[in-house]
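So the chains spell out like this:
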Amino acid sequence: MRELLDLAWNGAGRFLPAFSSRFSSTLLSFLVLLAASHFLPTSEYGLYVFLFSIGSALGLIAVLGQQILVVKHYRRAEASGHPLNQALLGVNARWLALGCFVLLAAALPLWLFAERMPPTYHYLWLAFVFAAIFALSEYLQNYFRIHGRINMSLVPREIVWRGSSILLIAGAGLAGLLGGGAGAMAIVTGLLAATTLYQSVCFLQDEGVSWLRARDQVPPETHGEWRRESGYFIANNVLNSASAYLETILIGALLGLNEAGFYFVALRISMLLLLPLAAIDTVGIPMIAARFQKSDTAGAQLLIGRLSFASFCISLLGALALAVVAPFILHLFNPEFVQHENVLVALCVMSVSLAFFGPGSWLLMIGGGERFFLIARAIMFVLYLGLLYALARVGGLMGIAIAGLIFSTASSLAAWYWIKQKWRIDNMATAFFRPFLFGGAPEDKPDPLPPGRASEGAGR
């Protein structure tokens, strides 16, 4: 009990701001969807969800793994202008510029030849523009996060962007100027550009522009290591984006925009249960990375066990509460959505299972397991596609949700296995009880692949 109280007391100062921001973000995300659903016909609402899903998926890919690379290698304990940090930022900038340029280059012909495409894809170019902005925003969120600047990391995109989107969508709808699903997408794209611009200005004020000329300040071997890691991060980001948005996109393309609208709403409702995990990732991953850089395996295990246990308990309690109010929430968006309540239950089970494994995938990515994770998930993804097709034919939306649950649980187990084998660290929520019930924390022995490898490339 004393350890639980210590966890609550010591972590509250860092966890509560992140949790409150994440909670406000999710609440505002609901209100954005709710505003759009009230001012758009069902088909146009489905179009908005379809474009938003494509843009978000492509944006997560186009960041090209640099949001992970900066968290893994940036030395926040060093003075401003440290050569390694400056070189790292220069590498990040070049990769990001490549990703954004490819998206904008693809958006141009999609815009020029939009009328020749099926009606569902007339505004696909807008999703590509949104994706380019989203990629930069995703990187900046993680940059400010490693500096402990939680408000700068979360407030512009999670609070200001979503809040202003609600006001403008509702205002345009009341004035009769919304312009359908494409108009709503244009509003959120323009507002995201404004908030990302503000973060970019703050970034330049912090770092200046000397990172543009810092390439030669680290040895070529380090650049080679960063390129190799970026490649793995990119491939894993593709799988992450596919698992997060593929189902909604396929539903919109194959089953219809109305079904896509429901599934997107249900997925967002279930993501309420991941709020504790998101907040813990925001605050805890930089703290864990610092312990890895010191090769403090025992300290990392203690912290990870506490974080995973906290995220699971809060998510499980949230799931019980959500089981009561879910039909009412679905009815707010569309009375027809209530008939698919069982699909929401399956998605909630998936969220609770992810919370049980805590920050497992992040731990693997910052600790050198990106190659293993890529191979394992690539194999599982091929099997998942077959399972998705088979279950969709049998169970429709419910079958798709079950396929997603199986894939996410298998990915979490793969990450847990690698972390357990290589670091002798258990990231399950049950690891919290180990110091009390099983004779103490794991002995801090030299590992075949020590946690210090998390900063191996940075130290060269």
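Below, the structure is looked at part by part. Fair warning: this is a prediction, and the values are worked out from it, not measured in the lab. (Residues numbered from 1 in each chain as written. Predicted model: local features only at pLDDT ≥ 70, side-chain atom pairs only at ≥ 80, totals over all residues. Heavy atoms only, no water.)

## A word on the overall build of the protein chain
Helix and strand counts for the protein chain come out as 16 helices and zero strands. Burial status across the protein chain gives 56% buried among its 460 residues. Sequence separation of at least 24 residues holds for 81% of the intrachain contacts in the protein chain that already meet a minimum separation of 6. Looking at the protein chain as shown, the accessible area adds up to about 19300 Å², and 68% of this sits on carbon and sulfur atoms. (Helix = DSSP H or I, 4+ residues; strand = E, 2+ residues; numbered from the N terminus. Buried < 20%, exposed > 50% of the residue type's maximum accessible area, 1.4 Å probe, protein only. Contact = heavy atoms within 4.5 Å. Areas by Shrake-Rupley, 256 points an atom, 1.4 Å probe, with all protein chains shown as cover.)

## Structural notes on the pattern of salt bridges
Applying the stated criterion to the full structure yields six salt bridges. Of the charged contacts in the structure, one is a salt bridge between Lys72 and Glu229, with a shortest N-O distance of 2.8 Å. Residue Lys72 is located in helix H3 (residues 66-73), and its partner Glu229 is located in helix H8 (residues 220-255); the two are separated by 157 residues in the primary sequence. Like Glu229, Lys72 is buried. Where salt bridges share partners, they join Glu138, Arg157, Glu158 and Arg162 into one cluster. (Salt bridge = Lys/Arg side-chain N within 4 Å of Asp/Glu carboxyl O.)

## Here's the deal with the packing of aromatic side chains
Tallied over the full model, the rule gives 16 aromatic pairs. On the basis of an interplanar angle of 35 degrees and a centroid distance of 6.2 Å, the ring pair of Phe130 and Trp161 is categorised as tilted. Taken together, the residues span a long stretch of sequence, with Phe130 in helix H5 (residues 124-146) and Trp161 in helix H6 (residues 150-174) at a distance of 31 residues. For the pair Phe130 and Trp161, one class covers both residues: buried. With a centroid separation of 6.0 Å and an interplanar angle of 55 degrees, the aromatic rings of Phe203 and Trp211 are classed as tilted. Since its relative accessible area comes to 9%, Phe203 is described here as buried. Connected via pairs of aromatic rings, a cluster forms that spans Tyr48, Phe52, Phe130, Phe134 and Trp161. (Phe/Tyr/Trp six-rings, centres within 6.5 Å; stacked < 30°, edge-to-face > 60°.)

## Considerations on unusual backbone geometry
Most peptide bonds take the trans form, and the phi angle of most residues other than glycine is negative. Phi angles above zero are rare outside glycine, and Leu64 is one such case at about 55 degrees. Considering the arrangement of structural elements, one finds Leu64 in the loop between helix H2 (42-62) and H3. Leu64 gets classed as buried once you look at its relative accessible area, which sits at 11%.

## Thoughts on the nonpolar core
Membership of the largest hydrophobic core comes to 129 residues, with the highest contact counts inside it found for Tyr48, Tyr263 and Phe333. The biggest single contributor to this core is H5, with 15 residues. Those residues in contact with Tyr263 that lie beyond four places of it in its chain are Glu247, Thr248, Ile251, Val343, Leu347, Leu397, Ile400 and Ala401. (Core = buried A, V, L, I, M, F, W, Y, C linked by side-chain atoms within 4.5 Å.)

## Looking at the environment of Gly404
Relative to the helices and strands, Gly404 is located in helix H15 (residues 397-423). The spacing of Gly404 and Ala244 is 160 residues in sequence and 8.9 Å in space, taken between C-alpha atoms. Among residues more than four places away in sequence, those in contact with Gly404 are Glu247, Met350 and Tyr384.

## Observations regarding H3
Note: α-helices contain 3.6 residues per turn, so residues at a spacing of three or four share the same orientation. The element H3 is extensively covered by neighbouring structure, given that eight of its eight residues are classed as buried. Taken together, the buried positions of H3 are occupied by Gln66, Gln67, Ile68, Leu69, Val70, Val71, Lys72 and His73.

## Section: the packing of H5 against helix H7 (residues 180-207)
H7 packs onto H5 with a crossing angle of 35 degrees between their chain directions and a minimal axis gap of 9 Å. Considering only the axes of H5 and H7, their crossing is left-handed. In terms of residue class, the contact of H5 with H7 is made up of 18 nonpolar, five polar and two charged. (Axes fitted to C-alpha atoms, helices over the stretch in contact; angles between N-to-C directions. Left-handed = near helix turned anticlockwise from the far one by under 90°. Nonpolar A, V, L, I, M, F, W, Y, C, P; charged D, E, K, R; others polar.)

## Some thoughts on the environment of Leu33
Mapped onto the secondary structure, Leu33 falls in helix H1 (residues 2-39). A sequence separation of twelve residues divides Leu33 from Tyr45, and the C-alpha atoms of the two residues are 8.7 Å apart. Ignoring any residue separated from it by four or fewer positions in sequence, one finds Leu33 in contact with Tyr45, Tyr48, Phe264, Arg268 and Phe333.

## Quick look at the packing of H2 against H5
For the pair H2 and H5, interaxial distance at closest approach is 7 Å and the crossing angle is 40 degrees. By the angle between their axes, H2 is oblique relative to H5. Judged by the twist between their axes, the crossing of H2 over H5 is right-handed. Taken together, the residues of H5 that come into contact with H2 (itself represented by Leu51, Phe52, Ile54, Gly55, Ser56, Leu58, Gly59, Leu60 and Ala62) are Leu124, Ala127, Phe128, Phe130, Ala131, Phe134, Ala135 and Glu138. Split into classes, the residues belonging to the contact of H2 with H5 amount to 13 nonpolar, three polar and one charged. (Parallel < 35°, antiparallel > 145°, perpendicular 65-115°, else oblique.)

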